[in-house]
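Spelled out, the chains give:
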Amino acid sequence: MRRRSALAAVTTLAGTAIAGVVSRPGGNDRLLAAAREGSDDVTTETTQLLPETVHETTLYELTAPDPGPTVMVFGGIHGDERNGIEAAHDATEWGPDAGQLVVVPETDRVAVENDERGGIDGDLNRHFPAGEEPTSDLARGIWDAVERYDPDVVLDLHRSLGIYGFHREYVGQALFHSADAHAHGRAIADALTADAIPWYLPFHRFTPQESTAGGPLLFQKAAAELDATAYLFETTAFLLNHATMTEQSRLVTAHVLAAHGGLEYDTGIGVAGTGEPEQESETEPDGGTSA
Amino acid sequence: MSGDSPGPESGRGSEPSIGHAGGLEIGRRALTSPATVATAIVLIVPFALGWLRTELFSPLALPGYVIYSIGTAIGNAIAPRFEFWVYWVPFVGGCYGIAVGVGTVYEWVRARRDAGDDGTEANRSHSPPGNSDD
Ligand SMILES: [Zn+2]
């Protein structure tokens, strides 16, 4: 019996490896290639935010020759969420086809260097009350830059420990969005699921969720005061490794850029072009048909 | 998956049906039945591979994935703040429980089939056709 059990185990292992390789979705190499394919005409400038302070951090401004949206991407608002930091760093090398891509990969530099969620004044993403001054030096410095660019789109990259709507205290595998982004939020979440979530990890499918306005988060303030279309992306560390979380963060950045016209790329599932969203929403009041 | 299963054979060949003692015997055998071992492997091993390396998740991991995930969802709802690796203990226990259930059915079917055969056959072997000495 032992030999047979061992044989069964080995067979299971081999079958697992083969089945996993054969049936896993392949990400979205075409989209990421389109994002990385920089035309020579894209200019990149860097600026130091909060210069000569402990918070000093680099902002990258990538400008395409054609007019288009200004998209701001933030990583490292929570310093221990390495997926967003790495994906944002990657995006500083991308080539938008239109408009401006503005990236701050290490927003809370102190937290990033300490590999901790919060920095000197705690959790940065609670320092942006709508209609009021930001409540810390770092938050004021970041918000100055946001006001200066007056972005059309804001994307903030995060990771949670569990799954939104599944683990009660966690918010992972969700794309939170401002009230004006129902169709885009649903389409981008579906696109991410199609790109990155195999059918045999069903609880990891992405959920779009309208965010309550008026909270103290950076993306909420940008939506409330600057009329930006704002997203907060959460992947999860639940059963996913760093490489997978980072790839999902790259994909959402590219999808958001494409959905708002910064990239000439049609995902074919309703984001930037002609396709219909794959499935109708059960929770979304407008059925995902209007922007 | 069968053949040299351990355990006393005495008194089983002449039983016309599965009595109380036979039930206990089935339960005991189910703890280490080949069907139990196989089921536990199927539930745990593919999922454990994915847990160790995300790239190794596969369709075979789906049963373990569902059991483990639902366990963490229930655990997180009733007792937040536990790290998720803690759920390996109830996960393995739960998978073994399910496997013993499968093993019990397997052993019960086997005992029924043996009891239905004529005495000498039943006394000789509990193996399925092809594994016995015929
Ligand atoms: Zn975060």
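Computed from a predicted structure; not experimentally measured. (Residues numbered from 1 in each chain as written. Chains lettered and ligands numbered in written order. Predicted model: local features only at pLDDT ≥ 70, side-chain atom pairs only at ≥ 80, totals over all residues. Heavy atoms only, no water.)

Undergrad: Residues and numbers for the overall build of chain B, please.
TA: Per the secondary structure count, chain B includes 5 helices and 0 strands. Going residue by residue from the N terminus, the α and β elements of chain B occur as α-α-α-α-α. For chain B, the proportion of its 134 residues judged to be buried stands at 37%. Counting only contacts in chain B whose residues sit at least 6 apart along the sequence, the fraction spanning at least 24 positions is 59%. Counting only carbon and sulfur atoms, one obtains 68% of the accessible surface of chain B, whose full area is about 7100 Å². (Helix = DSSP H or I, 4+ residues; strand = E, 2+ residues; numbered from the N terminus. Buried < 20%, exposed > 50% of the residue type's maximum accessible area, 1.4 Å probe, protein only. Contact = heavy atoms within 4.5 Å. Areas by Shrake-Rupley, 256 points an atom, 1.4 Å probe, with all protein chains shown as cover.)

Undergrad: Outline the coordination of the zinc ion, supporting the account with residue identities and numerical values.
TA: For a metal bound by four donors in a tetrahedral arrangement, the ideal donor-metal-donor angle is 109.5 degrees, while six donors in an octahedral arrangement ideally sit at 90 or 180 degrees. Residues and elements named next belong to chain A. Looking at the metal site, the zinc ion is ligated by His 78 (ND1), Glu 81 (OE), Glu 81 (OE) and His 158 (ND1), spaced 2.0 to 2.4 Å from it. One can describe the donor arrangement at the zinc ion as irregular, given that its 4 donor atoms subtend angles of 58 to 148° at the metal. When the donors of the zinc ion are listed by position in the chain, the intervening gaps give H-x2-E-x76-H. Across the pair, Glu 81 and His 78 agree in class, each one buried. (Donors = N, O, S within 2.8 Å, 3.2 Å for Na, K, Ca; no water. Tetrahedral: all angles 85-135°; square planar, octahedral: opposite > 155°, others 65-115°.)

Undergrad: Can you break down a negative patch on the surface residue by residue, with the values?
TA: Among the surface-exposed residues, Glu133(A), Asp144(A), Glu147(A), Asp150(A), Asp152(A), Asp180(A), Glu210(A) and Asp227(A) lie close enough to one another that they form a single negatively charged patch. Among the secondary structure elements, Asp152(A) is positioned in the loop between helix H5 (137-149) and strand E5 (153-160). (Patch = residues over 30% accessible without salt bridge, like charges linked within 9 Å, V, L, I, M, F, W, Y side chains within 5 Å. Salt bridge = Lys/Arg side-chain N within 4 Å of Asp/Glu carboxyl O. Lys, Arg positive; Asp, Glu negative; His and termini not counted. Charge placed at Lys NZ, Arg CZ, Asp CG, Glu CD.)

Undergrad: Now, about the nonpolar core: what can you tell me, with residues and values included?
TA: Grouped together as the largest cluster of nonpolar side chains are 56 residues, with contacts concentrated most on Val252(A), Phe47(B) and Tyr68(B). The element best represented in this core is helix H8 (residues 242-259) of chain A, accounting for 7 residues. The residues contacting Phe47(B), other than those within four sequence positions of it, are Leu239(A), Phe57(B), Ala61(B), Gly64(B), Tyr65(B), Tyr68(B), Trp88(B) and Phe91(B). Judged by nonpolar contacts, the second largest core, of 29 residues, contains Leu49(A), Val146(A), Leu218(A) and Ala230(A). (Core = buried A, V, L, I, M, F, W, Y, C linked by side-chain atoms within 4.5 Å.)

Undergrad: Tell me about the sheet that holds E5(A), residues and numbers included.
TA: All names here are of chain A. Taken in spatial order, the 8 strands make up an open sheet running E1-E2-E4-E3-E5-E8-E6-E7, and their pairing is mixed. Edge positions in the open sheet fall to strand E1 (43-49) and strand E7 (207-210), since each of these has one partner strand only. Each neighbouring strand pair of the sheet contributes to a mean axis angle of 20°, computed without reference to strand direction. The sheet contact formed by E1 and strand E2 (residues 57-63) spans 7 bridges and is antiparallel. Across the sheet, residue Glu 45 finds its bridge partner in E2, namely Glu 61. Seen against the sheet, helix H3 (residues 82-91) touches E2, strand E4 (100-104), E5 and strand E8 (229-236) and runs at an angle of roughly 145° to E5. Helix H7 (residues 218-226) contacts strand E3 (70-74), E5, strand E6 (174-177) and E8 of the sheet and is inclined by roughly 165° relative to E8. (Pairing = 2+ DSSP bridges. Axes fitted to C-alpha atoms, helices over the stretch in contact; angles between N-to-C directions.)

Undergrad: An account of a nonpolar patch on the surface is requested, with residue identities and associated values reported.
TA: Together, Trp51(B), Leu52(B) and Trp85(B) line one region of the surface with nonpolar side chains, adding up to about 390 Å² of accessible area. Relative to the helices and strands, Leu52(B) resides in helix H2 (residues 34-52).

Undergrad: Describe in detail the packing of aromatic side chains, supporting the description with residues and values.
TA: One pass over the full model with this rule turns up 18 aromatic pairs over all chains. Its end group placed over the ring of Trp143(A), Lys221(A) keeps NZ or CZ at 5.0 Å from the ring centre. (Phe/Tyr/Trp six-rings, centres within 6.5 Å; stacked < 30°, edge-to-face > 60°. Lys NZ or Arg CZ within 6 Å of the ring centre and 35° of its normal.)

Undergrad: Tell me about helix H1 (residues 20-30) of chain B, and name the residues and values.
TA: Residues three or four positions apart in an α-helix share a direction because the helix packs 3.6 residues into each turn. Residue and element names in this part refer to chain B. Of all the residues in H1, the buried ones are Gly 22, Glu 25, Ile 26, Arg 29 and Ala 30. Along the axis of H1, the buried residues cluster in a sector spanning 135°; they form a single face. In H1, the exposed residues that point more than 90 degrees away from the buried face are His 20, Ala 21 and Leu 24. Elements that come into contact with the buried residues of H1 comprise H2 and helix H4 (88-116). (Arc of directions from axis to C-beta.)

Note that all results are geometric; they support no functional claim without further evidence.
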